[in-house]
Amino acid sequence: MRILLYNPDNGVTRNFMPHLWMFLLQALTPAGHEVLLVDGNAQPMDETQIAQFVRDQNIGLVGIGAMTRMVARAYRMADAIRATGVPVVMGGPHVTEEADEALGRNGGPRHADAVALGEADETWPQIVEDAVRGELKEIYAPVDATGKEHKPPLNPYPTIPWDKLDLSQFNLVPKLMHPLLKNFREGWGSFRIVPVESGRGCPYGCEFCTVTGFFGDSIRFRTNESVVNELLLLKARARKEGGQIAVFFIDDNFAINIKRTKSLLRDIIAAKAQVFWVAQISANLLRDEELVDLIAASGGKWIFIGMESVDPVNLKGVNKGFNKPEEYAAVLERLAKRNIYAITSFIFGMDNDTPGVAERTLQQVRTWPPGLPIFGLLTPLPATPLYKRLEATGRLTRPQHWLDFVPFTMAHTPLKMTIEEAHAEVNYGWALSYSPEALAQAVAALDDQHVGDRVNIFLARLCFRGIYFPMMGKSSWLRVVVENRRTILKLFKQGVSRWMLPRNSARQDSFDVATPNPSGQANA
């Protein structure tokens with residue numbers, strides 16, 4: 001049987017990397033079946049196109065995974081596929097909490113023939129075999145013999161054949177740029193960000209987060225050897241292709257067990273398995289100087305930090321009081337000293353927010369090393385403590401907001417500002433942080449650093465700008481280039497000057513990370 005695993009986009013912006021679940025389920029599919037992967041963020045399709053694809057490729061089963069912000073589009077695509085007579089299995093965090101919605105049991109239309117609840121590592125092979133026999137059950141739940149929910153162990157971990165997979169749809173280098181980059185710098189014919197997990201689960205239980213409910217509050221880890229071997233496989237592929245691969249560790253909190261994380265990073269260094277990587281780590285865990293040294297030495301380049309607010313009252317209100325705003329600056333300086341930069345995430349519309357929260361936040365952000373600030377609105381996701389609290393107090397304005405997804409739009413009424421004021425705060429944060437002037441200032445703040453760091457921050461800012469200001473076509477990109485032409489020209493001149501130096505003085509221009517001195521000096 002030919003199987004399609006499809007990940008939808010939300011129809012607004014494109015993600016920067018594929019989703020791991022597709023590759024993981026492909027590796028877990030029983031022998032004798034062919035699995036095709038399509039990520040809507042890389043290969044956009046509408047309902048007519050995906051239906052035609054399913055017919056042309058003689059697909060016998062489709063698996064769709066979706067988070068809440070994608071689920072409306074996922075339902076539409078599932079409806080189009082089912083209309084061709086091909087069964088659809090849906091899974092992921094949203095469907096796990098809203099299984100009746102996907103199955104049409106709540107009075108709405110049916111979108112799926114079956115749903116996979118929770119982590120599907122152990123139920124997916126059974127789903128495939130049942131589909132072959134034409135005996136799909138409606139619900140597949142990961143439970144043990146007593147009916148208790150079962151979380152799959154990550155040891156042993158499935159081997160994802162990264163060296164053999166077709167990853168062409170995930171190349172972030174535009175086709176028009178291939179010849180230029182190949183001639184300008186060897187090894188830049190392609191650039192991909194690949195998802196890798198080293199563990200699952202989070203014990204913190206933040207009020208607005210779905211992670212603890214889906215993956216659980218006890219952490220499961222892969223073995224160090226398993227992770228290191230995967231990095232070595234990816235690094236070898238990049239070299240063979242003459243391209244670049246970076247890794248996003250998708251663990252919900254990569255350093256939740258500091259002792260274990262240090263052990264993993266030491267093994268990465270010892271095996272020379274370094275690639276540039278990104279991970280999500282709480283600010284409170286980055287107080288540890290040795291941990292930050294090892295992050296730098298193992299190839300860590302960007303750290304995503306869910307700061308959420310600079311107001312301690314807000315943080316306590318959403319059960320994230322372990323975040324200490326007075327420590328944020330020290331944490332970011334600690335990273336920047338090792339040429340590691342932060343993606344700092346903020347949420348507006350919290351219960352203690354008032355008009356002007358964006359400017360108050362930016363006043364602090366401007367004092368920190370340059371990074372990637374991002375801004376969102378407090379969103380009540382299904383089954384989270386936040387959703388239940390707002391529902392109980394009658395504050396939900398769009399109880400099923402996911403069925404009419406509108407990005408950066410409130411689904412409840414804030415306590416100390418109007419919905420319109422909350423929207424204005426998010427717009428203010430993005431507009432000031434990603435203006436041509438802000439991009440130029442971020443680059444200028446790194447004038448004492450390697451030109452690669454300045455290019456890195458500039459390109460990252462351009463890409464992240466697209467989260468709020470979509471750049472979906474050539475005309476959009478051209479406008480952005482024109483607006484930032486002075487900064488681009490400055491970087492081009494600096495890059496050419498650097499490139500003309502002897503090769504041995506430019507040894508750190510590549511994503512092929514050499515082992516640095518773990519005393520705190522990271523690669524540029």
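In case you missed it, the structure is sitting above this.
Computed from a prediction, not measured in an experiment: that's the story for all the values here.

Describe the overall build of the chain, with residues and values.
Check the secondary structure of the chain and you find 20 helices and 14 strands. What you see for the chain is a C-alpha radius of gyration of 23 Å, in line with the 24 Å of a compact globule of 524 residues. Dimensions of the chain, computed from the C-alpha atoms along their principal axes, are close to 65 × 55 × 50 Å. The proportion of buried residues among the 524 residues of the chain is 53%. Here the contacts in the chain between residues at least 6 apart in sequence split such that 72% fall between residues at least 24 apart. Here the chain displays about 22600 Å² of accessible surface, and carbon together with sulfur accounts for 56% of that area. Positive and negative charge centroids in the chain, built from 57 and 57 side chains respectively, lie 6 Å apart.

Pulling in residues and values, what's your account of helix H2 (residues 47–56)?
Considered for burial, the residues of H2 that qualify are Ile50, Ala51, Phe53 and Val54. Taken end-on, H2 shows its buried residues confined to a sector of 160 degrees, consistent with a single buried face. Exposed side of H2, more than 90 degrees from the buried face: Thr48 and Asp56 are the residues found there. Contacts made by the buried residues of H2 are with strand S1 (2–7), strand S2 (34–39), strand S3 (61–65) and helix H3 (71–82). N-cap assignment for H2: the residue whose side-chain oxygen lies 3.2 Å from the backbone N of threonine 48 is aspartate 46.

Tell me what's going on with the layout of surface pockets, and back it up with residues and numbers.
By volume, the second largest pocket is sized at about 540 Å³. Forming the walls of the second largest pocket are 27 residues, and the residues nearest its centre are Val365, Arg366, Trp368, Pro370 and Arg461. Counting residues per element, the ones that place at least two in the lining of the second largest pocket are helix H13 (328–336), strand S13 (341–348), helix H14 (357–365), strand S14 (372–377), helix H16 (419–433) and helix H17 (436–444). No other element matches H17, which puts 4 residues into the lining of the second largest pocket. Of the residues assigned to the lining of the second largest pocket, the class counts are 18 nonpolar, 6 polar and 3 charged.

Give me the lowdown on the nonpolar core, citing residues and values where you can.
Membership of the largest hydrophobic core comes to 108 residues, with the highest contact counts inside it found for Ile305 and Leu335. In this view, leucine 335 contacts Leu286, Val292, Ile303, Ile305, Ile340 and Ala342; residues no more than four positions away in its chain are not counted. Of all hydrophobic cores here, the second largest spans 42 residues; its members include Met90, Phe208, Ile347 and Leu378.

Give me the lowdown on the sheet that holds S2, citing residues and values where you can.
Spatially, 6 strands are ordered S2-S1-S3-S4-S5-S6 in an open sheet, and the strand pairing comes out parallel. A single partner strand is all that each edge strand has here, and the edge strands are S2 and strand S6 (139–140). The sheet contact formed by S1 and S3 spans 4 bridges and is parallel. Looking at S3, one finds that leucine 5 is bridged to glycine 63.

Any details on the packing of aromatic side chains? Residues and values, ideally.
Per the counting criterion, the structure on display carries 18 aromatic pairs. With a centroid separation of 4.8 Å and 90 degrees between ring planes, the pair formed by phenylalanine 214 and phenylalanine 215 is classed as edge-to-face. With a relative accessible area of 10%, phenylalanine 214 lands in the buried category. For the ring pair tryptophan 302 and tyrosine 341, a centre distance of 6.2 Å and an interplane angle of 55 degrees mean the geometry is tilted. Here tryptophan 302, found in strand S12 (residues 300–308), pairs with tyrosine 341, found in strand S13; they are 39 residues apart in sequence, far enough to count as distant. Tyrosine 341 shares its class with tryptophan 302; the two are buried. Members of the aromatic cluster, each reached through a chain of ring pairs, are Tyr328, Phe346, Phe348, Trp368, Phe375, Phe408, Trp430, Tyr434, Tyr468 and Phe469. The cationic tip of arginine 461 hangs over the ring face of tyrosine 434; the distance from NZ or CZ to the ring centre is 5.5 Å.

Help me get a handle on the sheet that holds strand S11 (residues 277–280), residues and values and all.
The strands that make up a sheet are held in pairs by hydrogen bonds between backbone atoms, and each pair lies either parallel or antiparallel. If you walk across this open sheet you meet the 6 strands as S7-S10-S11-S12-S13-S14, and the pairing is parallel. The sheet terminates laterally at strand S7 (191–196) and S14, the two strands that pair on one side only. Averaged over all pairs of adjacent strands, the angle between strand axes in this sheet comes to 20 degrees, irrespective of strand direction.

Definitions and cut-offs
- Residues numbered from 1 in each chain as written.
- Predicted model: local features only at pLDDT ≥ 70, side-chain atom pairs only at ≥ 80, totals over all residues.
- Heavy atoms only, no water.
- Helix = DSSP H or I, 4+ residues; strand = E, 2+ residues; numbered from the N terminus.
- Rg over C-alpha atoms; globule rule 2.2 N^0.38 Å.
- Buried < 20%, exposed > 50% of the residue type's maximum accessible area, 1.4 Å probe, protein only.
- Contact = heavy atoms within 4.5 Å.
- Areas by Shrake-Rupley, 256 points an atom, 1.4 Å probe, with all protein chains shown as cover.
- Lys, Arg positive; Asp, Glu negative; His and termini not counted.
- Charge placed at Lys NZ, Arg CZ, Asp CG, Glu CD.
- Arc of directions from axis to C-beta.
- Polar contact = N/O pair within 3.5 Å; in protein donor to acceptor, adjacent residues only side chain to side chain.
- 1 Å grid on protein atoms, 1.4 Å probe; cavity = no way out; pocket = protein on both sides within 12 Å on 5 of 7 lines; lining within 4 Å.
- Points joined across faces, edges and corners; volume = space filled by probe spheres on them.
- Nonpolar A, V, L, I, M, F, W, Y, C, P; charged D, E, K, R; others polar.
- Core = buried A, V, L, I, M, F, W, Y, C linked by side-chain atoms within 4.5 Å.
- Pairing = 2+ DSSP bridges.
- Phe/Tyr/Trp six-rings, centres within 6.5 Å; stacked < 30°, edge-to-face > 60°.
- Lys NZ or Arg CZ within 6 Å of the ring centre and 35° of its normal.
- Axes fitted to C-alpha atoms, helices over the stretch in contact; angles between N-to-C directions.

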